[in-house]
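# Summary of structural features
These are the residues of each chain, in order.
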Amino acid sequence: MTPRKPRTAATAKPDPALQETLERIARETLNIETLKTRNSDSLDFHEVAVWRLKEALEAAYQAGLSAASNTRSK
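To keep things clear, this report deals only with the structure shown in the data block.

### Some thoughts on the nonpolar core
Membership of the largest hydrophobic core is limited to 5 residues, which are Ile 25, Ala 26, Leu 30, Ile 32 and Ala 56. Each residue touching Ala 56, except ones within four places of it in the same chain, is listed here: Ile 25, Thr 29 and Leu 30.

This is the structure we're talking about:
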């Protein structure tokens, strides 16, 4: 069976600051080394405790709030 290619947003260019924030949250909260696809089940799929997932989602939400408030204040 051929692995599926990940879906990407056709029109959106990835924001480097956003990518770094997501990578940092994944590393620090979920112990996931990278968010890049490596085409290996053992590297691309992770077992995560729900409380760690909640922490990661809260960190992403807070990062979004900070980014939005920084944009408004400029």
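There's plenty left to go through after this.
### Some remarks on a nonpolar patch on the surface
Nonpolar side chains collect at one region of the surface, where Leu 18, Leu 22 and Leu 35 lie side by side and expose about 240 Å² of accessible area between them. Within the secondary structure, Leu 22 is located in helix H1 (residues 16-30). Leu 22 gets classed as partly exposed once you look at its relative accessible area, which sits at 33%.

### Examining H1
With 15 residues, H1 extends 20 Å from end C-alpha to end C-alpha; this agrees with the ideal 21 Å at 1.5 Å per step. Residues Glu 23, Ile 25, Ala 26, Thr 29 and Leu 30 constitute the buried set of H1. Considered in projection along H1, the buried side chains sweep an arc of 160 degrees and stay on one side of the axis. Residues Pro 16, Ala 17 and Glu 28 are exposed on H1 and point more than 90 degrees away from its buried face. Residues of H1 that are buried in the fold lie against helix H3 (50-72). The opening residue of H1 is Asp 15, an N-cap whose side-chain oxygen sits 3.2 Å from the backbone nitrogen of Ala 17. Looking one or two residues past H1, Asn 31 carries a phi angle of roughly 60 degrees, positive in sign.

### A short note on the side chain of Thr 34
Inspection of the secondary structure assignment puts Thr 34 in the loop between H1 and helix H2 (41-44). Residue classification places Thr 34 among the buried positions, given a relative accessible area of 15%. Within polar-contact distance, the side chain of Thr 34 engages the backbone nitrogen of Lys 36 at 3.1 Å.

What counts as what
- Counting from 1, residues in each chain are numbered in the order their sequence is written.
- pLDDT decides what is reported in this predicted model: residues at 70 or higher carry local features, side-chain atom pairs at 80 or more are listed and counted, and totals for whole chains, interfaces and linings draw on all residues regardless.
- Excluded from the side-chain calculations are hydrogens and water; all other atoms, namely the structure's heavy atoms, are used.
- Among buried residues, those of type Ala, Val, Leu, Ile, Met, Phe, Trp, Tyr and Cys that are joined through side-chain atoms within 4.5 Å constitute a nonpolar core.
- To sort residues, take the accessible area from a 1.4 Å probe on protein chains only and compare it with the maximum for the residue type: under 20% means buried, over 50% means exposed, and anything in between is partly exposed.
- Contact between two residues is taken to exist if any of their heavy atoms lie within 4.5 Å; hydrogens are not considered.
- In this scheme, patches are assembled from residues that exceed 30% relative accessible area and form no salt bridge. Like charges are connected within 9 Å, while nonpolar side chains (Val, Leu, Ile, Met, Phe, Trp, Tyr) are connected within 5 Å.
- Shrake-Rupley sampling with a 1.4 Å probe provides the accessible areas, and residues are treated as covered by the protein chains on show and by no other component.
- Whenever a carboxyl oxygen of Asp or Glu lies within 4 Å of a side-chain nitrogen of Lys or Arg, that contact is scored as a salt bridge.
- Put simply, DSSP H or I for four residues or longer makes a helix, DSSP E for two residues or longer makes a strand, and each gets a number counted from the N terminus.
- A helix is expected to span 1.5 Å for every residue after the first.
- By arc we mean the arc of the directions from the helix axis to the C-beta atoms, nothing more.
- N or O atoms closer than or at 3.5 Å make up a polar contact, with two conditions inside protein: a donor-capable atom paired with an acceptor-capable one, and, for residues adjacent in sequence, both atoms drawn from side chains.

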